[in-house]
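# Observations on the three-dimensional arrangement
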Amino acid sequence: MSVFVKKLVEKASLKKQHAGFSDNLKPEDLHPYLVFHYGIPSGSILLAYDSIQQILAISTKDGQIKLFGKDGSQALLESSETIPSKFLLFIENQGILLNVNVKNHIEVWDLDRKFLSAIHHFEKEITSFAAIHTGPYMYIGDSGGDVSVLRLHQDQCRIELMKYRIPFSASHGKINEVGIDIAAKVVLPQPTAETKRVLIIYSDGVITLWSIEESKVICTNSSGTALQSTYQEAKKVTSACWACPDGTKVAVGYSNGDIFLWNIPCPSESKTEQNFQVTPIYKLNLGYKADKIPIAKLKWADADGKSSRLYVLGCSDSHSANMLQVVLLNEQTETRTIKLGLHLSESLIDMEITTSSIGQDKHRRDSLILLGRSSNVFTYDDSSIERYLVQCQTKSSPSLPKGETINLPYGDSTITVTKFITNTPCTPFSSDEEFNMVEKYGLPLFPFEKRLVKDGSNSNSTAFVPFSKAANLFITGHSSGAINFWDASRPLLLPLASITQQSENDISISGVPLTALFFSYESNTLVSGDQSGTVRIYTLKSEAFAPQTSFLSFQGSTKKGSNHVVRKIKAVKVNGSVLSINATENLKHLAVGSDKGYVSLIDPEGPNILYQKHFASELCTGIISMHFETCSFHGFEKNVVIVATKDSSISALDKDTGNSLSSAVVRPNKPSTALFTRILDGNDISINSDNSAQKQTSLLLCSEKAVYVYSLSHLVQGVKKVVHKKKFTSSCYWASTFGSPDIGLILLFSSGKIEIRSLPELSLVKESSIRLLTFSTFRPSDIIVSSSNDGELIIVNADKELLFVSTLLHNEAYRLLETVSQVVNRDLIGDQGLICSPSTKEKKKGIFSSVMKDNKSIKSRNGLDFENEDSRLSVEELSAIFSAVNFPIDRETSEKSTRNEDDVDLDIDDIDIEDPKEKQGVGYSAMAGLNRLNISNKFQAIKGKIKNAKVKNDKVPVTDEPHEEKTGAVDQIKKKYGYATSGSGVANTAKTKLSENLKKLQGINMKTTEMQDTARSFSSMAKEVLRFAEKEKGT
């Protein structure tokens, strides 16, 4: 038991008369929260991958993002909104992840700090999202066909909407013939010129290559017959990707199942004025069109042109054999299509290709990651797919690639029952030893995470850590009948022992699922019960739990059997599947409850069944718990067994004979499924007639609908006396107590809510919520929860995920938390550089203005050639282009953009009216006309502010003009340094500024009149020159 719990218990022992534990169990002592999440989250819908940092991201439909880094590191991010993602994008090697949700909010995640840095609210429906690899800029295509440019300011943790934009009217080319759906469906920066050109693909099939510097279309397929030849029937673009390293070929998937490869001309710098045409190369016939399956995603992998591959994912709610296909793309593709169909157990929704390094030589392994609709993740060795396709060219019969389903690595079969014990006596590892043990014995979640040691063997092969090093012990029973012991001192479990032995002479695995476990650490006794009714009693070797000095033979043991931990084993059979097991303190008797309503008392020395008692029930006969207790019965001390059934009925048996102590059964008025029972020893206090306090033992019963505290002395007599009761507003699915003696009750609800209540009065002390615990994403029948005596929980969800939950306000239960959750390699970011936003005073350089050191390795990961540094535009040049208005913005859009930035109140200083001679900066002449158009609107708004200020200051006489000037100067100084200014000062300052601006406006009007007169003079002169020229020509 932790020091914290001991202190709580000490406080409880000093409680005043009539007081309960609620006075000591305080909200500030409790903090229910998710410590660590391991595995694949439920409700997964989207994948993304950082090929440099080697981080895989999986987003869920309730606003969570799971990260998988190198060396088994994992982290979970939670958005403030519980809504799905529709785009997930890494800023590669920067520790930045961008998440676009269905509300068109762009979230900026700092992965190093696991912190949501910024949220940008985009005004339109986002239909495409892409980033430039060599700059802090992103393209956003919207449902109106426009493409906007965003800049990520990492140092300021914000996203800026740039003035540069690509309007639909300028880039589409056929605005007079467009239909309803004109969305910019795909935006792809051209790999070899991503700072200069971008490819835009619209829903209606138009493909446009856009020049960033010139703000014009370079080439398109909207003219001529190129588009019409591929559009003989109605269809929409659904996906696209580059299909070559230099960005001259693009693969496009359509809603009717068509897949076309298009040629994208790559003009030289000196030939940008020529007219180029985007033309179709050929069509891939893969069978999607026959089934009318839309193409959900396309992904291309480079292999030097000889074995390049196109991965095609179809989108269908129903399962299809051809849902995912891989096509070989080379010079023979047009005449002969070589493809591979991957047949999986469910339909798929996303795919990614990941890279990992194996062994001392850092051998690279690419893996194909597939995400199923039920959150199952499948993986294939990509080299086996490539090898299969290449061998198919020789007309041989290669073996099909084999995929794996990603499940928890903790056993070869499903976990069916668990036990969790914390703070066991141990001699913990040193820091260096801890890291070495995790690296050597840690079990990888993904197959490609397996590491090789120097001798070439697998470092993750079955081996066991000494028991003496485990501060926390986690025991799992499996559907195969196996029992595994794990060191849970850290969130990455390390194996301690595996038991498959069935009897003294049978060491094979039973194959029967385990349904119940009982473990006594002090006596080294383990009892298991399975679905067939077999109860096995294991006596474990005491030296297995001894200090390390006497446990040398167990270190690094690779024995797969049970001989190294089991001293002896006994077995006995009961009637029905075992649901619950309990024992007396001296372990002389075992009580076993079955699903058929039988309670069996067993002598473990035999083992012999002393008696069996059957409990009939109209609703449910399963026995969920038995408790051994000594209590007063008709004035005599009696050893009893308290039995609880699934329908919340409570009965009492004579322990020695098995006879019922009363014919009456205690149950709630409205029976519901019972979850948990516990004897509360002396927690309740009664007052005798002589005013003396007497402790009363009680029984805690928790069901799905309510929790009760019954008087135990009344219960054994068949009398229902409810001491405390609390009904639930939502369905509870698990309950347990913590502390010794029990000081608190933990309740888990299907809504994700966690309640901690005091005992025995059941008052609410703390309430919290964990999003992963909601039943919107998984089934209650898949959940297995075990808790320790100090309020630590481990929750298993089928074969997919483990949740480590703490309830007390301390972080001492697990070690290496920071290490196992650090998914970003900071050293690698330092090698490549950082995103920097150059200020006006100092231009900083980082990854977006420097050469990447490992260009070749980056190309090999994603297949695309990055732009050469000598030819690409710098961050400063791009900043100048994207910061300038290249197309006029309509008034409504401008107003929305202004509101979307910072909602700053209009101030008189916002109006900037200067003489053109004073404004000679870049872009002033282009913006001057637009500024002047808005002057009158701003002027009217400021007049309203001045009136309001004057009304507030009507009672303040203004008689001394020099005093006004002095006050205005003081207020200006105060304002500059952030101090409050007086109301009169603000009004006087505004009045002075208004006077100055009125004079400037009058000057502008005069100059405008002069310009008009000059224009008339020039017009008259031009007419005279024209008349003179015509006269000369006539003569």
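Residues numbered from 1 in each chain as written. Predicted model: local features only at pLDDT ≥ 70, side-chain atom pairs only at ≥ 80, totals over all residues. Heavy atoms only, no water.

## Quick notes on the overall build of the protein
The secondary structure content of the protein amounts to 14 helices and 56 strands. Evaluated residue by residue, the protein yields a buried proportion of 52% over its 1035 residues. Considering only residue pairs separated by 6 or more positions, the protein has 56% of its internal contacts joining residues 24 or more positions apart. With an accessible surface of roughly 47,700 Å², the protein has 50% of that area assigned to carbon and sulfur atoms. (Helix = DSSP H or I, 4+ residues; strand = E, 2+ residues; numbered from the N terminus. Buried < 20%, exposed > 50% of the residue type's maximum accessible area, 1.4 Å probe, protein only. Contact = heavy atoms within 4.5 Å. Areas by Shrake-Rupley, 256 points an atom, 1.4 Å probe, with all protein chains shown as cover.)

## Digging into the sheet that holds strand β1 (residues 30-39)
Read across the open sheet, the four strands follow the order β1-β56-β55-β54; overall the sheet is antiparallel. Where the open sheet ends on each side, the last strands, each with one partner, are β1 and β54 (783-787). Averaged over all pairs of adjacent strands, the angle between strand axes in this sheet comes to 20 degrees, irrespective of strand direction. Taken together, the five bridges between β54 and strand β55 (residues 792-797) define a ladder with antiparallel strand orientation. Directly across from Ser-786, in β55, lies its bridge partner Ile-794. (Pairing = 2+ DSSP bridges. Axes fitted to C-alpha atoms, helices over the stretch in contact; angles between N-to-C directions.)

## Overview of a positive patch on the surface
Side chains of Lys-670, Lys-705, Lys-720, Lys-725 and Lys-727 sit close together on the surface and give a patch of like positive charge. Structurally, Lys-670 is set in the loop between β45 (650-654) and β46 (674-687). (Patch = residues over 30% accessible without salt bridge, like charges linked within 9 Å, V, L, I, M, F, W, Y side chains within 5 Å. Salt bridge = Lys/Arg side-chain N within 4 Å of Asp/Glu carboxyl O. Lys, Arg positive; Asp, Glu negative; His and termini not counted. Charge placed at Lys NZ, Arg CZ, Asp CG, Glu CD.)

## Comments concerning helix α4 (residues 382-392)
Buried residues of α4: Asp-382, Ser-384, Ile-385, Tyr-388, Leu-389 and Cys-392, and no others. Down the axis of α4, the sector holding all buried residues measures 165 degrees, keeping them to one side. Tucked into the core, α4 has its buried residues touching β24 (308-314), β25 (324-329), β26 (339-342), β28 (363-372) and β29 (377-381). (Arc of directions from axis to C-beta.)

## Observations regarding the environment of Ser-169
Tracing the backbone shows Ser-169 in helix α2 (residues 168-171). Assessed through its relative accessible area of 52%, Ser-169 is described here as exposed. Between the alpha carbons of Ser-169 and Gly-145 there is a distance of 8.4 Å; along the sequence they are 24 residues apart.

## Describing the confidence of the model for the protein
For the protein, mean pLDDT is 80; residues scoring 70 or higher make up 72% of the total. Predicted confidence in the protein is weakest over helix α12 (residues 924-952), with a mean pLDDT of 41, and strongest over strand β39 (residues 578-583), with 98. Considering only residues more than four positions removed or in separate chains, one finds that residues 452-459, a stretch of pLDDT under 50, has 16 contacts. Scored below 50 in pLDDT, residues 831-861 makes 67 contacts in the model with residues more than four places away or belonging to other chains. (pLDDT = per-residue confidence, 0-100.)

## Overview of the pairing of strand β42 (residues 608-614)
Direction of pairing for strand β41 (residues 598-603) relative to β42: antiparallel, over a ladder of six bridges. Its bridge partner lying in β42, Ser-600 is registered against Gln-612.

## As for the packing of aromatic side chains
Scanning the model with the defined rule gives 18 aromatic pairs in all. Plain terms: the ring middles of Phe-168 and Tyr-202 are 5.7 Å apart, the flat faces sit at 80 degrees to each other, and that makes the pair edge-to-face. With Phe-168 in helix α2 and Tyr-202 in strand β15 (residues 197-202), this pair connects stretches of sequence that are 34 residues apart. When its relative accessible area of 0% is taken as the criterion, Tyr-202 is described as buried. Between the aromatic rings of Phe-260 and Trp-262, the centroid separation amounts to 6.4 Å while the plane-to-plane angle is 45 degrees, which identifies the pairing as tilted. Each of the two residues, Phe-260 as well as Trp-262, counts as buried. Here the aromatic cluster, defined as three or more aromatic residues joined through ring pairs, consists of Phe-467, Phe-485, Phe-519 and Tyr-521. Here Lys-235 stacks its cationic end above the ring of Tyr-254, 4.5 Å away from the centre of that ring. When the ring centre of Phe-749 is taken as reference, the NZ or CZ atom of Lys-753 above it lies at 4.6 Å. (Phe/Tyr/Trp six-rings, centres within 6.5 Å; stacked < 30°, edge-to-face > 60°. Lys NZ or Arg CZ within 6 Å of the ring centre and 35° of its normal.)

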